[in-house]
Structures are given as C-alpha cells and as structure tokens.
Amino acid sequence: MNDITLLRTVEQVRKLVDRWRTAGMRIGLVPTMGALHQGHLSLVSIAIGEADRVIVSIFVNPAQFGSGEDLSSYPSTFDEDLMKLDEAGAHCLFFPSVDEIYPFGFSTSVHVSGLTENLCGKYRPGHFDGVATVCAILFGIVRPDIAFFGEKDAQQLAVIRRMVDDLNLGVLVHAGETIREPDGLAMSSRNSYLNPEERKQSAAISRSFSRAAELVAEGERNAGRICGAVREVIGNAPLATIQYLELVDPDTLKHVEKLKAPALLAIAVYFGHTRLIDNIVLKP
Ligand code: PAF
C-alpha cells in the first residue's frame, strides 16, 4: 500500500479537502461506481497530471438504476479497487453509504431537459436524473476544481457539462477517451456479465464502428446508409440485439441526417442479458 486515505463520511471529506484547498491545491474528482478497470484508471492518471490532489468516489448510486435493472447485482470489487487506486497514486477514496449521500428527508432531483429524452434516456427513464443528482451532490461535497468522466458515456458527459454550465457549479469537466480491449470492446464494469461467447461476439460493435469510419472516409455522408452498414456488421453476431443506433450532434444529441460536421454515432446493444453502450465520433 502507498498512502491512499479511505473516507466514508461527508464530514471527513470536507475536512481533508478544506486542508488541501487552504494549501492552495487543485483538487480533482473521479466519480465511479467501482468495479474499476483500465478506463477508470486512465481517468485517475489524467487527474493526477491535472490536479494536485485526486479523490475517487465509489458509490453505486441507486437513483440511477431503474426497476428491473442490475442495482443488486452490480459488480463489487472493493478490495481490488482500493489496491488499484493506491497503486495508481490516487490520494483519497470516498466510499460513502447510501444514507451518507441520501440522508433521511432528501428530496431534491436534478433534471437536465433536452439531452435526456433520447438515446439511453428513452430506454432508461429517470437514469440521467439520478446521474445528474448524484454528481451535483458529489460536486457539493468535494467542490473539485476538475471532474473526470469517460467519453464512453457520451450522453452522461453531455448531461453533466450542461448541468455544470446551467448551475454555474464552477467545475471544469474533463473527458477521458474510451479505453478498449485488444479486440476493440470498450472497457466497462458490465463486461464482466458477458459469457465467453457473448464476450467474443461483442467485438462486433467496434468492428461496425471501423466500417462506419471507413464509409465516411470514402465519402458517405448519409446517416441512414452509415447506420445500415453498422447494423449489417452487428447482424453477423447472432447474440446481438441492437436497442438503439443513432447519429447525433455531439453537444445537443439531436438527430443528424447528413454528416456535415463531426457527429456522434451512439449505440446500445444487448448481448444476451447484458446491455453495452459505445460510441464513435465520425468526422466528415
Ligand atoms: O459513470 C458512472 O460510473 C456513474 O454514472 C457516475 C458518473 C459515477 C455517477 O454515479
């Protein structure tokens, strides 16, 4: 072990962060739900480069899970997570209880409209309210100078940026690029749900993105034809069921019909019971 500090309460975090801030330190926050992988650790590593002190939070936020979703089975690897964060050089792990984040009487919800109705929002009603609310709470507790989120969750990133701007939270939002397995599958804590055959077939997502990028490089600009080619590649993976596939503006998340500026190709695909999301920015 190096010297990571493990804290469980808001009061403890406030005290530590106040000391850091008084010493003129720049504070970085990496919010996570644990089951840490290389994607999270790359955010920690960027955070260490950008901030003097880095707090990672692990909190499996009940408010962002719908009924019938995987809240009760969400992977939990606390001991490994603590070790990985210590090795990565994070200074503090904030691991609060549900009551610490949502004390008795809690009654606030943050809703970002316009960005939360389509893509994942259409299939996970209330999910982004849960995400925005918990991030607002974590920002209020830590008051970080910078917070770090992965580009894999592109809609989440857009929602958090909007919230931070609209509420003048004074937090700089830094996006870290998606980290992929050697076969192209985007790293995600939920990949651990895949059985070996589903895992093998899930590489179809990134193959389909390569096909989309290839088409765009050849001059294709029509969203329907680009998405059609993606569906065709994913169709070769018999265990895959596409939930949504859409080309959207990266900031507004509005549907794009013709690729005239960089656009986000966003997808959610089921492999068996496991829902994976991924995206790529296509540049004309
Ligand atoms: O991306 C996640 O892990 C979660 O949505 C986040 C940002 C930690 C909020 O619970």
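These lines cover the structure that appears in this document, whether it is placed above or below. Predicted, not measured: the structure shown is a model, and the values here were computed from it. Position numbers for residues count from 1 along each chain, tracking the sequence in the order it is written. Given that the model is predicted, a residue must reach a pLDDT of at least 70 before its local features are reported, and side-chain atom pairs must reach 80 or more before they are shown or counted; all residues, however, enter totals for whole chains, interfaces and linings. The side-chain values count all of the structure's non-hydrogen atoms but skip hydrogen atoms and water molecules.

1. Quick notes on the pairing of strand β5 (residues 146–150)
The buried fraction of β5 is high, at four of five residues. When DSSP finds two or more bridges between a pair of strands, those strands are recorded as paired. Secondary structure counts use DSSP, requiring at least four H or I residues in a row for a helix and at least two E residues in a row for a strand, with both numbered from the N terminus. Across two bridges, the pairing between strand β2 (residues 27–32) and β5 is parallel. Pairing of L29 across the sheet is with A147, part of β5. Where β5 meets strand β6 (residues 172–176), five bridges bridge the pair, whose relative direction is parallel. Residue pairing in the sheet places A147 in a bridge with V173 of β6. For the handedness criterion, the strands are oriented away from the viewer, and a crossover whose path from the first strand over the helix to the second runs clockwise is classed as right-handed. Handedness of the crossover joining β5 and β6 through helix α7 (residues 154–166) is recorded here as right-handed. Buried, partly exposed and exposed residues are distinguished by accessible area as a fraction of the type maximum, computed with a 1.4 Å probe on protein chains only: under 20%, between the cut-offs, and over 50%, respectively.

2. A word on the site of the ligand
If even one non-hydrogen atom of a residue comes within 4 Å of a molecule or strand, that residue is called near it. Around the ligand, the structure places P31, T32, M33, N61, Q64, V131, V134, F149, D153 and Q156. For this analysis, a polar contact is any N or O atom pair within 3.5 Å, provided that within protein one partner can donate a hydrogen and the other can accept it, and provided that sequence-adjacent residues contribute only side-chain to side-chain pairs. Q64 places a side-chain nitrogen or oxygen 2.6 Å from an oxygen atom of the ligand. Here an oxygen atom of the ligand and a side-chain polar atom of Q156 are 2.7 Å apart. Shrake-Rupley sampling with a 1.4 Å probe provides the accessible areas, and residues are treated as covered by the protein chains on show and by no other component. With the chains in place, 88% of the 290 Å² that the ligand exposes on its own is no longer accessible. Looking at the shell around the ligand, the elements that each hand over two or more residues are β2 and α6 (127–142). Three categories are distinguished: nonpolar for Ala, Val, Leu, Ile, Met, Phe, Trp, Tyr, Cys and Pro, charged for Asp, Glu, Lys and Arg, and polar for the others, with Gly belonging to the last. For the shell around the ligand, the class distribution of residues is five nonpolar, four polar and one charged.

3. Structural notes on the environment of G150
Locating G150 in the fold gives a position in strand β5. The exposure class of G150 is partly exposed, given its relative accessible area of 23%. With residues near it in sequence (within four places) discarded, G150 still touches L43, L157 and G176. A contact between two residues is defined here by any heavy atoms of the two lying within 4.5 Å.

4. Digging into the sheet that holds strand β7 (residues 240–248)
Read from one edge of the open sheet, three strands run β7-β8-β9, paired in antiparallel fashion. Among the strands making up the open sheet, the edge pair consists of β7 and β9 (274–282). The sheet shows a mean angle of 15° between the axes of neighbouring strands, direction not considered. Sheet topology note: the β7/strand β8 (residues 263–271) ladder contains eight bridges and is antiparallel. Inter-axis angles, ranging from 0 to 180 degrees, are taken between N-to-C directions of lines fitted to C-alpha atoms, where helices are fitted over the stretch in contact.

5. Focus on α6
In this model α6 runs 23 Å from its N-terminal to its C-terminal C-alpha over 16 residues, within 8% of the 22 Å that 1.5 Å per residue would give. In terms of burial, α6 is a largely internal element, 14 of the 16 residues being buried. Phi for R143, located one or two positions after α6, is positive at around 45°. Each helix should span, by expectation, one fewer than its residue count multiplied by 1.5 Å.

6. Thoughts on the sheet that holds β2
Read from one edge of the open sheet, six strands run β1-β4-β3-β2-β5-β6, paired in parallel fashion. Lying at the two open borders of the sheet, with one neighbouring strand each, are β1 (5–7) and β6. Strand-to-strand twist across the sheet, computed as the mean angle between neighbouring axes with direction ignored, equals 25°. As defined by bridge partners, β1 adjoins strand β4 (residues 92–94) across three bridges and the pair is classed as parallel. Residue pairing for β4: T5 is matched across the bridge by C92. Across the face of the sheet, α6 comes into contact with β2, β3 (53–58), β4 and β5 while running at roughly 150° to β2.

7. Digging into the nonpolar core
For soluble globular proteins, nonpolar side chains are generally found buried alongside one another. In this structure, I55, I101 and F139 are the most contacted members of the largest nonpolar core, which totals 47 residues. Taken together, the elements giving at least two residues each to this core come down to α1 (10–22), β2, β4, α6, β5, α7, β7 and β8. It is α6 that provides the largest number of residues to this core, a total of 10 residues. The residues contacting F139, other than those within four sequence positions of it, are L29, P144, A147, F149, I160, M163, V164, L169 and V171. Grouped together as the second largest cluster of nonpolar side chains are 26 residues, L185, A240, A263 and L265 included. Think of a nonpolar core as a cluster: buried Ala, Val, Leu, Ile, Met, Phe, Trp, Tyr and Cys residues, connected wherever their side-chain atoms sit within 4.5 Å.

These results come straight from atomic positions and should not be treated as a statement about function.
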